[in-house]
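Remarks on the overall topology
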Amino acid sequence: MAPLPTADPKDLQRKELFINGKWVAPVLRGTLPVVNPHDEQVIGCIPAATAEDVDLAVAAAKRAFESGTWAKETYAQRATVLRRIAELCKEQKSTLAVLETLDMGKPIDESDWDMDDVAGCFEYYADRADEMMQTGKKDVDLGMDEFKGYVVKEPLGVVALITPWNYPMLMATWKVAPALAAGCSVILKPSEMASLTCLKLAELAQRAGVPPGALNVLPGLGTDAGAALAAHPSVDKVAFTGSVATGRAIMSTCAQRVRPVGLELGGKSPLIVFDDVDIPRAVEWCMFGIFWTNGQICSATSRLLVHERVAPAFLRCLKDEIAKIPILNPLEKASRLGPLVSATQYQRVLACVSAAKAEGATLLTGGGRPSTQPRGYYLQPTVFVDVQPHMAIWREEVFGPVLAVRTFRTEAQAVAEANDSDFGLAAAVITADEARAARCVQALRCGIVWVNCSQPCFASMPWGGLKRSGFGRDLGETAIDNYCNTKQVVSYVSKDHWAWYPSFQQRSKL
């Protein structure tokens, strides 16, 4: 077997934050361990920011914004820098992918794919910035010759971006790229469970020409750095991706200051499989929808609704194919399922599995540690059948490789059960009937619908949901607007007095 890829030790031992274009130790000199989820070994450390460091970063970002070193650059100039970041990401793709896999456990092929998407996202928002160079100032016909008006979009200011551990660099990029394209000064707080690639992103951004203060990166605990950042009076907006509980706390904090907030939270997405499908093809998309990223994805199609006529054959095929999934060290190219991110997450998912058994769900397959992995935070791909709608395994997000299955008889029943959820991020429909697919697309209450697939994601398509899945949209052509102030400008251009008051009416006639 070929030797496994390794990381440069200096990329694993990170004790400095990135503030105002410089690498600086945290004020309290704290660090947090980096644990490889494959073998549970400590392989490095990251700096632990606290409120004191947040104050320094916000002050630097505010100075940078007010000085205009980034905010007053043209869209075209900012686009040039974003393209340089994209090129550096491509050059560093292998390095970044290895760090991602060591840090959070996803298979190396997935990490490689993520890094392609990181570069593509920066390129996409560079293109959008170029477009805004042409359309940033929009003249508006006001219907009166005395006035001329236009609308212009300006950078919002200092923005706090708090991002998750399941796609550490990619989901940071979803927010950093449009925020920088808009001209904002950014403070990125990545998850303390996976921050290595976000610290590398700071290096690449600096090399690409992002000026001091325009991008600051502060790893640290949510209770320390995240909470302080969300509450800071000089932050103009908070954008968060993560749990419902943390999102609710951030929303409450921002409400006290009437500050805008964007939230992309959890999901419990349904996958509806009708009785006209090619079963092996549908099974593969079912597996991809729940086991991609080791099941740790907010949009995972973790609720399977399969038509009762094909359910027996579908579940037989699903069980057989699951048994073939290579569960290997995630640094091995053949790996298709890695460990969960941490001991805490591992125990949480195991508790969900135990609760499902206690509530009466039947374990079709999985539920324990793979025999090939004596150490690490590994869980077999797990499927429960005989699931009832009231069970927690059907209603609550697990964030692991755990699928809950119910059968249905009619299209109306399937859609009703799919929509009967506190979440509304995504849904998928697999059918050979285009008219039926179109009806389901219209009826499903969520922000994303996949037809005959599950989980594809493109920078050009908006991402977000309804209900407890949050509000606002990452990605897509309008994401730059998340970080802009839309300003209207109206000018009085007549040579006459306005002449509303009587004393001015005579003057208008002179």
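Heads up: the structure comes first, above all this text.
Now for a quick tour of the structure. None of the values given here were measured: they were computed from a predicted structure.

A short note on the packing of helix α6 (residues 168–182) against helix α7 (residues 196–208)
Following both chains from N to C, one finds α6 and α7 inclined at 50°, their axes separated by 8 Å at the closest point. In terms of axis orientation, α6 runs oblique to α7. Together, Pro168, Met169 and Ala172 of α6 and Thr197, Cys198, Leu201 and Leu204 of α7 make up the contact between the two elements. Residue composition of the contact of α6 with α7, grouped by class: six nonpolar, one polar and no charged.

Side note on the environment of Pro462
Relative to the assigned elements, Pro462 resides in the loop between β19 (448–451) and β20 (466–467). Taking the C-alpha atoms as reference points, Pro462 and Ile448, separated by 14 residues in sequence, lie 8.4 Å from one another. Other than its neighbours up to four places away in sequence, Pro462 contacts Arg473, Asp474, Leu475 and Gly476.

Some thoughts on helix α10 (residues 279–291)
Under the 1.5 Å per step criterion, the end-to-end length of α10 is 18 Å for 13 residues, consistent within 8% with the ideal 18 Å. Buried within α10 we find Ile279, Ala282, Val283, Cys286, Met287, Gly289, Ile290 and Phe291. Along α10, the residues classed as buried sweep out an arc of 165° about the axis, all on the same side. Along α10, the residues that are exposed and aim more than 90 degrees away from the buried face are Pro280, Arg281 and Glu284. In this fold, the buried residues of α10 make contact with β12 (270–273), β13 (303–307), α11 (311–322), β15 (382–385), β16 (402–408) and β18 (426–430). Immediately downstream of α10, the backbone of Thr293 shows phi near 60°, a positive value.

Focus: a nonpolar patch on the surface
A contiguous nonpolar patch, built from Met144, Tyr492, Trp498, Trp500, Tyr501 and Phe504 and spanning about 730 Å² of accessible area, is present on the exposed surface. Mapped onto the fold, Tyr501 is located in the loop between β22 (484–492) and α16 (502–509). Here Tyr501 falls in the exposed class, since its relative accessible area comes to 54%.

Concerning the nonpolar core
Among the nonpolar cores identified, the biggest contains 112 residues, and Tyr125, Phe314 and Leu318 are the most heavily contacted of them. If we skip the residues at most four places from it in the chain, Tyr125 touches Leu82, Ala177, Pro178, Ala181, Ala459, Leu475, Gly476, Ala479 and Ile480. Core analysis: the next-biggest nonpolar cluster, separate from the first, contains 29 residues, Cys352, Trp394, Val402 and Val429 among them.

Procedures and definitions
Residues numbered from 1 in each chain as written. Predicted model: local features only at pLDDT ≥ 70, side-chain atom pairs only at ≥ 80, totals over all residues. Heavy atoms only, no water. Axes fitted to C-alpha atoms, helices over the stretch in contact; angles between N-to-C directions. Helix = DSSP H or I, 4+ residues; strand = E, 2+ residues; numbered from the N terminus. Parallel < 35°, antiparallel > 145°, perpendicular 65-115°, else oblique. Contact = heavy atoms within 4.5 Å. Nonpolar A, V, L, I, M, F, W, Y, C, P; charged D, E, K, R; others polar. Expected span 1.5 Å × (residues − 1). Buried < 20%, exposed > 50% of the residue type's maximum accessible area, 1.4 Å probe, protein only. Arc of directions from axis to C-beta. Patch = residues over 30% accessible without salt bridge, like charges linked within 9 Å, V, L, I, M, F, W, Y side chains within 5 Å. Areas by Shrake-Rupley, 256 points an atom, 1.4 Å probe, with all protein chains shown as cover. Salt bridge = Lys/Arg side-chain N within 4 Å of Asp/Glu carboxyl O. Core = buried A, V, L, I, M, F, W, Y, C linked by side-chain atoms within 4.5 Å.

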